[in-house]
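A structural walkthrough
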Amino acid sequence: MKKLLSTLLALAMVLTLVACGQKQAATSGASASSNKETFELALVTDLGTIDDKSFNQGAWEGLVKYANEKGISHKYYQPQAAETNAYFETIELAIEGGAKLVVCPGYLFEEPVYLAQEKYPDTHFILLDGEPHTADYSTYKTGSNTMPILYQEDEAGFLAGYAAVKDGNTKLGFLGGMAVPAVVRFGFGYIQGIDAAAKELGVNCEVVYNYTGAFAATPEAQALASSWYNAGTEVVFGCGGAVGNSAMSAAEGKNQQEGKFVAKVIGVDVDQYSESDTVITSAIKLLSNSVYDGITMFYDGKFPGGKTTVFNAKNNGVGAAMDNARFNTFTKADYDVVYNDLKAGKFNIFNDVTESNPATALTNLSNTKVTFIE
Amino acid sequence: MDLLYFLIQQTLLFMIPLLIVALGGMFSERAGVVNIALEGIMVMGAFTSIFFINLTQGFMSGNGQLLIAILIAAATGIVFSLFHAIASVNLKADQTISGTALNMFAPAFAIFIARIIQTVQQIEFKNTFRIVEVPILSKIPIIGEMLFKNSYITTYIGILILILSSLVLYKTKFGLRLRACGENPHAANTAGIKVELIQYAGVLISGALAGIGGLVFVVPTSTNFNATVSGYGFLAVAVLIFGQWKPKYILFASFFFGFMKALSNSYASIPFLFALNIQSNIYKMIPYIATILVLIFTSKKSAAPRASGIPFDKMKR
């Protein structure tokens, strides 16, 4: 009996390994077979692949859009593992495959790009959401062949907050992940967007604000969001990875209990409308736009290498998702108005994140009361 | 009053998974095998059952689907805990190490398989399991509001598991043998009890319950499963100790932990508590401080099963 059992277990483990091994062999085979042809535009994927509804997909869409318009050969490469060496090797593979420009989505590429920009001075790189540096963060260096892209999250948060208040909500919440600069910028912009809309409408708004301290969906985050909805909060901006999913879960519970659509969620980074019916809009980084612009500049001979490019409303790099929005009254026309105002610099958004508590950092609010929960 | 009902409803969301998993841990430890793999087993149970919900989403929904998912979670837990049973009962390995190995293996495995199958590690699911109101029962004053509104079927399953566990442990022959193996396996062996068999049963029951606990934990909390149960398996071990390895105390301990968790997250919505201006960290600390205090005061006559954690070897006396 004992022997039979252990044999069975051993067999099961071996079979799983074999199954996985085959799969990997298949993918590496596909990338190896491309050696004869060359591809000018390449994208090396971060964790996940080009249909991950997040960074990879956004970047790939921008690349494909340009490539199809101009008829340029293009291809994406998947690293075998999520580590600097594997990423670097995959970048090399892309360059051997004839790539003139390599798009690297995600901050995990900071180090691989740092290495690649020196070794391949004739190849150009677009790095999303990060700046090249060494493994120990001691040296930051952007080669003249590299274009790092960062996003001004406060403007995306501003637009989402503005839209939510213009749509008739006055009690809002912000459920952040860790208080890292990107999250804090989203949050500060969000509050100021709320205040701007409240001023225009002549109403008073209340915002409850919390950093959960993690990027995970936990019962704690769910309970927090539930308690807010229970206390009358209408919209919660779930800003920090899976934290948003806890907010969505809480909102779904509240709506089901009430039998009507009273609890809403704002998504983050990419349009999260498909993750829950409670998502009214998302504060997004328009990855495909920035990649498209970067490639355009490259082919126009104006590649802005050597310095970090910041994408904001001015260059259509951030926004609030309107295509699948679930607003009552706020329309695309309304959105375009505020977007143009933002572009024109009509709003002066405070985005210094040295102090992460909005109740003390934001002193320019007139119609909004912020309750910061530690 | 509404606030109190809300607090209780939230408490249940924290409490039920802790209760189920701690009871699972109890079965294993009372049989003499320490099971700190609870966390990993929860992850595995949640992984397969959420995957099932994800795959059958189009044509199944509601509590029928959830019940099948619970069975799948239990089965997964049993299979996964088998590794722990083999290591600690047959091979007489250090039970802490085997448990730790499983804890490290589970999330990695879940991410790996999820990525192979669907390229994304998060497994999305639609929560169609909320019970807005249980007919008739929700009309009972106070209790109806607390237990039978805005709840999950898993709450009642958790309570059922508690009752069954008490009965099995104290009122059956199997329960007596289980407890004997945890206290003095050699004496039990002399009395003709197959200690290995009982220990196997204990570990596998704990696997089944921890697997269910994983699913019960994930369903109300998120809209996807991201290969983690946020340390609730370890928390369940604390509940088990706080509950002194006895079902009725475990019930109390899990309620206490759950209530403090609920309070620490929603105190800002309760006016008089918010006015006190106590940081949420204080509320979060209380259950752990209480556990340490209980351990200090009960250490003299600790109810821990005496043979728990010691591999049973017939040759040793």
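Scroll up a little and you will see the structure.
All figures in this text were calculated on a predicted structure; none of them were measured in a lab.

What counts, and at which threshold
Residues numbered from 1 in each chain as written. Chains lettered and ligands numbered in written order. Predicted model: local features only at pLDDT ≥ 70, side-chain atom pairs only at ≥ 80, totals over all residues. Heavy atoms only, no water. Helix = DSSP H or I, 4+ residues; strand = E, 2+ residues; numbered from the N terminus. Buried < 20%, exposed > 50% of the residue type's maximum accessible area, 1.4 Å probe, protein only. Areas by Shrake-Rupley, 256 points an atom, 1.4 Å probe, with all protein chains shown as cover. Pairing = 2+ DSSP bridges. Axes fitted to C-alpha atoms, helices over the stretch in contact; angles between N-to-C directions. Contact = heavy atoms within 4.5 Å. Right-handed = clockwise from strand over helix to strand, strands pointing away. Salt bridge = Lys/Arg side-chain N within 4 Å of Asp/Glu carboxyl O. Buried area = accessible area lost by both parts, 1.4 Å probe. Phe/Tyr/Trp six-rings, centres within 6.5 Å; stacked < 30°, edge-to-face > 60°. Lys NZ or Arg CZ within 6 Å of the ring centre and 35° of its normal.

This brings us to the overall build of chain B. Helix and strand counts for chain B stand at 13 helices and 4 strands. Overall size of chain B, expressed as C-alpha extent along the three principal axes, is 60 × 50 × 40 Å. Every one of the 317 residues in chain B was classed for burial, and the buried ones make up 55%. Counting only carbon and sulfur atoms, one obtains 72% of the accessible surface of chain B, whose full area is about 13300 Å².

To continue, consider the sheet that holds strand β11 (residues 309-311) of chain A. Residue and element names in this part refer to chain A. Spatial strand order, β2-β1-β3-β4-β5-β11: 6 strands in an open sheet with parallel pairing. With partners counted over all chains shown, the strands left at the sheet margins are β2 (74-77) and β11, one partner each. Sheet twist, expressed as the mean angle between neighbouring strand axes with direction ignored, is 20°. Bridge count between strand β1 (residues 41-44) and strand β3 (residues 101-105): 3 bridges; the pairing is parallel. Following the sheet pairing, Ala42 is matched in β3 by Val102. Strands in contact with helix α4 (residues 110-119) are β3, β4 (124-128) and β5 (146-151); relative to β4, the strand with the most contacts, it is inclined by about 165°.

Let us look at the pairing of β4(A). Residues and elements named next belong to chain A. Where burial is concerned, most of β4 is hidden: 5 out of the 5 residues are buried. Bridging between β3 and β4 involves 5 bridges; their strand directions are parallel. Note that in β4 the partner of Leu101 across the bridge is His124. Remark: the β3/α4/β4 crossover connection has right-handed handedness. As paired elements, β4 and β5 share 4 bridges and run parallel to each other. Across the sheet, Leu127 pairs through a bridge with Pro148, a residue of β5.

Turning to the sheet that holds strand β6 (residues 171-176) of chain A, a few remarks are in order. Residue and element names in this part refer to chain A. What the 7 strands build is an open sheet, ordered β12-β10-β9-β8-β6-β7-β13; its pairing is mixed. Looking along the sheet, the strands with just one partner apiece sit at the ends: β12 (318-320) and β13 (368-372). Recorded for the sheet is a direction-independent mean angle of 15° between the axes of neighbouring strands. In this structure, strand β8 (residues 235-239) lies alongside strand β9 (residues 264-269), joined through 3 bridges in parallel fashion. Within the sheet, the bridge partner assigned to Val235 lies in β9 and is Lys264. On top of the sheet, helix α5 (residues 153-166) reaches β6, β7 (205-211), β8, β9, β10 (279-285) and β12; it is set at about 15° to β12, its chief contact.

Moving on: the pattern of salt bridges. All names here are of chain A. The tally for this structure, following the rule as stated, stands at 16 salt bridges over all chains. The salt bridge partner of Lys285 is Glu153, with a shortest N-O separation of 3.3 Å. One end of the pair, Lys285, is in strand β10; the other, Glu153, is in helix α5, and 132 residues separate them in sequence. Summarising the burial analysis for this pair, Lys285 and Glu153 share the class buried. Where Asp269 meets Lys285, a salt bridge forms, and the shortest distance between an N and an O atom there is 3.8 Å. Note that Asp269 is positioned in strand β9 and Lys285 in strand β10, a separation of 16 residues in sequence. By relative accessible area, Asp269 is classed as partly exposed at 26%. Using a relative accessible area of 8% as the deciding quantity, one classes Lys285 as buried. Residues joined by salt bridges that share partners form a network here, namely Asp129, Glu153, Arg185, Asp269 and Lys285.

All names here are of chain A. Among the structural elements, Phe125 can be located in strand β4. Along the primary structure Phe125 and Gly294 are separated by 169 residues, whereas in three dimensions their C-alpha atoms are 9.6 Å apart. Apart from residues no more than four positions distant in its own chain, Phe125 is found in contact with Ile91, Ile95, Leu101, Val102, Val113, Ala116, Gln117, Tyr120, Asn145, Thr146, Met147 and Phe303.

Counting from both sides, the interface comprises 37 residues of chain B and, opposite them, 37 residues of chain A. Across the chain B to chain A interface the summed buried area is about 3300 Å²; carbon plus sulfur atoms make up 58%. Here chain B and chain A share 1 salt bridge between them. A salt bridge links B:Lys261 to A:Glu220, with the nearest nitrogen and oxygen atoms 2.7 Å apart.

Applying the stated rule across the entire model yields 38 aromatic pairs over all chains. Judged by centre distance (5.3 Å) and plane angle (70°), the rings of A:Phe327 and A:Phe330 are edge-to-face. Seen in terms of ring centroids, B:Phe257 and B:Tyr288 are 6.1 Å apart; in terms of plane orientation they differ by 75°. Their pairing is edge-to-face. Of this pair, B:Phe257 sits in helix α11 (residues 247-266) while B:Tyr288 sits in helix α13 (residues 280-298); the two residues are 31 residues apart in sequence, bridging distant segments of the chain. Grouping aromatic residues by their ring pairs yields a cluster made of A:Phe174, A:Phe186, A:Tyr190, A:Tyr209, A:Tyr211, A:Phe237 and A:Phe372. A cation sits over an aromatic face here: A:Lys75 above A:Phe39, 5.7 Å from the ring centre. The ring centre of B:Tyr249 lies 5.5 Å from the NZ or CZ of B:Lys248, which sits over that ring.

The analysis is restricted to geometry; functional conclusions fall outside its scope.
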